Amino acid sequence: MLTLRELRNLVTIPECPKRIPTAKQLIESGSEIIAKEVLARETAISVYVNGYVLYQSGKHYTVFSIGDCETYEYESAKGYPLKYELSFFENENWYVRLIMEAEDRLEKNQERIKAFHKVCSYDRLIEECGEIPSGEEDILESLSTNDLVKRMLGILNERQREIVYLFYFEQWKQKDIAEYFKTTQQNISDMIKRVLRILYEYAKQEEKK
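Residues numbered from 1 in each chain as written. Predicted model: local features only at pLDDT ≥ 70, side-chain atom pairs only at ≥ 80, totals over all residues. Heavy atoms only, no water.

Side note on the overall build of the chain
Here comes step 1: From N to C terminus, the chain includes nine helices and six strands.
Here comes step 2: In the chain, 61% of the contacts between residues at least 6 apart in sequence involve partners at least 24 apart.
Here comes step 3: Of the roughly 12,600 Å² that the chain leaves accessible, carbon and sulfur atoms contribute 47%. (Helix = DSSP H or I, 4+ residues; strand = E, 2+ residues; numbered from the N terminus. Contact = heavy atoms within 4.5 Å. Areas by Shrake-Rupley, 256 points an atom, 1.4 Å probe, with all protein chains shown as cover.)

Listed below in structure tokens is the structure:
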């Protein structure tokens, strides 16, 4: 049995990665897979020599650094916070702690996707762009399917999509996005406003179809 402690000694743990690779980027990176476990028909977890973990459950994927799997904290059924240190998992099967991390991340990702459905909500547009004409909020609030979100993202350029991804899905702050792109926070703020306007106009066109 390969333990988590042994696995961590076999990989290079990324030091404070600024940007986690996507599943596709990781798969195509050429990095060697050090450990892999198929848990069910459509569920598997893999650890790459570069220290990143890829977890797939059905159509959902998540990627994270093995270095993020330290102390595990959660809330008990009675509402009490519980904590398990890394040492609790180090001599267990390598994937036990990683699956716990992966499932938590998938759950958070789904929450972020639901939140993104509200990106063009009336309140959010007011917050980011100022007042918009009365009555048009109904158009925006109708954006509630994954297919529509995908089409909306498809009309943005690569830089706009990445900023949307970091801001709404990864929950980065504008100043961190600005640092990543080597620009000012004001530029990022303006970009987000432009993107919201683009999505708003697209939503109006979709409503007319």
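Section: unusual backbone geometry
Here comes step 1: Phi angles above zero are rare outside glycine, and Lys182 is one such case at about 55 degrees.
Here comes step 2: By the element assignment, Lys182 lies in the loop between α8 (174-181) and α9 (185-208).

Quick look at the sheet that holds strand β2 (residues 43-48)
Here comes step 1: On the basis of which strands lie adjacent, the open sheet formed by four strands has the order β1-β2-β3-β4 and antiparallel pairing. Each having just a single partner strand, β1 (33-40) and β4 (60-65) make up the two edges of the open sheet. On average, each strand axis in the sheet is tilted by 10 degrees relative to the strand beside it, whichever way the strands run.
Here comes step 2: Both β1 and β2 contribute to a ladder of six bridges, which runs antiparallel. When the sheet's bridge partners are listed, Lys36 is paired in β2 with Ser46. (Pairing = 2+ DSSP bridges. Axes fitted to C-alpha atoms, helices over the stretch in contact; angles between N-to-C directions.)

Digging into the packing of aromatic side chains
Each aromatic ring pair is described using two quantities: the centre-to-centre distance and the angle formed by the ring planes.
Here comes step 1: In the structure shown here, the tally under the stated rule is five aromatic pairs.
Here comes step 2: Here the aromatic rings of Tyr84 and Phe88 are separated by 4.7 Å at their centres, their planes lie at 45 degrees, and the arrangement is tilted.
Here comes step 3: Overall, Tyr84 belongs to the partly exposed group, its relative accessible area being 30%.
Here comes step 4: Here the aromatic rings of Phe88 and Phe89 are separated by 5.1 Å at their centres, their planes lie at 80 degrees, and the arrangement is edge-to-face. (Phe/Tyr/Trp six-rings, centres within 6.5 Å; stacked < 30°, edge-to-face > 60°. Buried < 20%, exposed > 50% of the residue type's maximum accessible area, 1.4 Å probe, protein only.)

Digging into the side chain of Ser65
Here comes step 1: Along the chain, Ser65 turns up in strand β4.
Here comes step 2: Only 3.0 Å separates the side chain of Ser65 from the backbone nitrogen of Gly67, close enough to count as a polar contact. (Polar contact = N/O pair within 3.5 Å; in protein donor to acceptor, adjacent residues only side chain to side chain.)

A look at the pattern of salt bridges
Here comes step 1: Within this structure, the stated rule accounts for five salt bridges.
Here comes step 2: Between Glu101 and Arg105 there is a salt bridge whose closest N-O contact spans 2.9 Å. Residue Glu101 and its partner Arg105 are both found in helix α3 (residues 95-116); the two are separated by four residues, about one turn of the helix.
Here comes step 3: Taking relative accessible area as the criterion, Arg105 reaches 25% and is therefore assigned partly exposed.
Here comes step 4: Put simply, Asp68, Arg97, Glu101 and Arg105 are held in one network by salt bridges that share partners. (Salt bridge = Lys/Arg side-chain N within 4 Å of Asp/Glu carboxyl O.)

Section: the pairing of strand β3 (residues 52-57)
Here comes step 1: Here β2 runs beside β3; their pairing, made up of five bridges, is antiparallel. Bridge pairing in β3 links Thr43 to Ser57.
Here comes step 2: With antiparallel pairing between neighbouring strands as the criterion, β2 and β3 make up a hairpin whose turn holds three residues, including Gly51 at a positive phi of roughly 95 degrees.
Here comes step 3: Where β3 lies against β4, six bridges are found, and the strand directions are antiparallel. Across the sheet, Gln56 pairs through a bridge with Tyr61, a residue of β4.
Here comes step 4: Between the antiparallel neighbours β3 and β4 lie two residues, among them Gly58 with a positive phi of about 65 degrees.

Details of the environment of Leu156
Here comes step 1: Position of Leu156 among the secondary structure elements: in the loop between α6 (146-154) and α7 (158-169).
Here comes step 2: Classification of Leu156 by relative accessible area gives buried; the value is 4%.
Here comes step 3: Between the C-alpha atom of Leu156 and that of Leu199, which follows or precedes it by 43 residues, the distance is 8.7 Å.

Observations concerning the nonpolar core
Here comes step 1: If you look at the biggest cluster of nonpolar residues, it comprises 20 residues, and the most contacted ones within it are Leu7, Ile45, Val47, Val53, Ile66, Trp94 and Leu98.
Here comes step 2: If you list the elements that add at least two residues to this core, you get α1 (4-10), β2, β3 and α3.
Here comes step 3: A per-element tally of this core places α3 first, with five residues.
Here comes step 4: The contacts of Val47, once residues within four sequence positions are left out, are Leu7, Val11, Glu32, Ile33, Ile34, Ala35, Tyr52, Val53, Ile66, Trp94 and Leu98.
Here comes step 5: Core analysis: the next-biggest nonpolar cluster, separate from the first, contains 18 residues, Met152, Phe167, Trp172 and Phe181 among them. (Core = buried A, V, L, I, M, F, W, Y, C linked by side-chain atoms within 4.5 Å.)

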